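Geometric and topological summary
Now for the letters of each chain:
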Amino acid sequence: MQRFSISLMGALLGISLVTGPVEAGGAKIATTRTERCANLSRQVDKVLETHTAATQVTAAKALQRKGNRFCANKKEAQGIRMLANALKLLGVTPIDPDAVTPKTDLHSKEKKP
C-alpha cells in the first residue's frame, strides 16, 4: 500500500511538472474568452472616444451592450462576435491578442558604411 501511494505521488508530481506554467518555457498562454470579452469591450470604448462623429456610433454602442450582456451571462462566444461586429461597424479591425506577430531579426547586424 505504501509503495502505491509513493508511486502515485511521484506520478502526480510528474504530471504537475509537465502541465506546470507554460510561460516559463517562453510559450505564450492563450487568452481566455472572458479576457477576450473584456479586451474587445475596452477596444470599443477607446474607438468610441475617437470616432464620436461616426454614423454608426449608436448601433455600435447597442452591439457593445448586447455583447457585454452575453459575456456576463457566460455566453462569451456570442459576446465576442457582438463586440467584434461593433468594432467593424466603426471601421476598426478587432485586435486579436493571440495572433502571431512577425518576428524581427534581432541577430542581424547593421552594415557599417
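Scroll up a little and you will see the structure.
Let us look at the structure shown here. (Residues numbered from 1 in each chain as written. Predicted model: local features only at pLDDT ≥ 70, side-chain atom pairs only at ≥ 80, totals over all residues. Heavy atoms only, no water.)

Some remarks on the packing of helix α3 (residues 57–72) against helix α4 (residues 76–89)
Geometry of a packed helix pair, given as the angle between the helix axes and the separation of the axes. Stated precisely, the cut-off is as follows: For every element, the axis is a line fit to its C-alpha atoms; helices are fit only across the contacting stretch, and the angle between N-to-C directions ranges from 0 to 180 degrees. Every helix listed is a DSSP run of H or I at least four residues long, and every strand listed is a run of E at least two residues long, numbered separately from the N terminus. For classification, angles of less than 35 degrees are called roughly parallel, those exceeding 145 degrees roughly antiparallel, those between 65 and 115 degrees roughly perpendicular, and all remaining angles oblique. Should the near helix be turned anticlockwise from the far one by less than a right angle, the crossing is left-handed, and should it be turned clockwise, the crossing is right-handed. The contact definition used throughout considers only heavy atoms, calling two residues in contact when any of these lie within 4.5 Å. All amino acids are sorted into three groups, where Ala, Val, Leu, Ile, Met, Phe, Trp, Tyr, Cys and Pro are nonpolar, Asp, Glu, Lys and Arg are charged, and the leftover types, Gly among them, are polar.
Where α3 contacts α4, the two axes come as close as 7 Å, and the packing angle between them is 165 degrees. With respect to each other, α3 and α4 are oriented roughly antiparallel. The crossing of α3 and α4 is left-handed. Across the interface between the two elements, Ala-59, Ala-60, Leu-63, Gln-64, Lys-66, Gly-67, Asn-68, Phe-70 and Cys-71 of α3 pack against Glu-76, Gln-78, Gly-79, Ile-80, Met-82, Leu-83, Asn-85, Ala-86 and Leu-89 of α4. Taken together, the residues of the contact of α3 with α4 break down into 10 nonpolar, 6 polar and 2 charged.

A few points about the nonpolar core
Side chains of a nonpolar character, in soluble globular proteins, are inclined to be buried together. Stated formally: Side-chain atoms within 4.5 Å are what join buried Ala, Val, Leu, Ile, Met, Phe, Trp, Tyr and Cys residues into a set we call a nonpolar core. The cut-offs for exposure are 20% and 50% of the maximum accessible area for each residue type, with area from a 1.4 Å probe on protein chains only; residues under the lower value are buried, those over the upper are exposed, and the others partly exposed.
Membership of the largest hydrophobic core comes to 15 residues, with the highest contact counts inside it found for Val-44, Leu-87 and Leu-90. Among the elements of the structure, α2 (33–50), α3 and α4 are those that each provide at least two residues to this core. Residue contributions to this core peak at 5 residues, all from α2. Excluding residues within four positions of it along the chain, Leu-87 makes contact with Leu-40, Gln-43, Val-44, Val-47, Val-92 and Pro-94.

Things to note about the state of the cysteines
Where we set the bar: When the sulfur atoms of two cysteines come within 2.5 Å, that pair is taken as a disulfide.
One pass over the full model with this rule turns up 1 disulfide. Here Cys-37 is linked by a disulfide to Cys-71, with a sulfur-sulfur distance of 2.0 Å. Judged by the torsion about the S-S bond (-80 degrees), the Cys-37/Cys-71 disulfide is left-handed. Separated by 34 residues along the polypeptide, Cys-37 in helix α2 and Cys-71 in helix α3 bring together distant segments of the chain.

Regarding unusual backbone geometry
Backbone geometry at Lys-74 places phi at a positive 65 degrees, although glycine is not the residue there. If you trace the backbone, Lys-74 turns up in the loop between α3 and α4. What makes Lys-74 exposed here is its relative accessible area of 66%.

So, the environment of Cys-37
Overall, Cys-37 belongs to the buried group, its relative accessible area being 4%. Counting along the chain gives 44 residues from Cys-37 to Arg-81, while the straight-line C-alpha distance between them is 9.3 Å. Setting aside chain neighbours within four positions, we find Cys-37 in contact with Cys-71, Glu-76, Ile-80 and Leu-83.

What to know about the packing of α2 against α3
The interhelical angle for the contact between α2 and α3, taken along N-to-C directions, is 160 degrees, at an axis separation of 11 Å. Classed by the angle they form, the pair α2 and α3 counts as roughly antiparallel. In the packing of α2 onto α3, the handedness of the crossing is left-handed. From α2, Cys-37, Ser-41, Val-44, Asp-45 and Leu-48 reach across to α3, where they touch Val-57, Lys-61, Gln-64, Asn-68 and Cys-71. In terms of residue class, the contact of α2 with α3 is built from 5 nonpolar, 3 polar and 2 charged.

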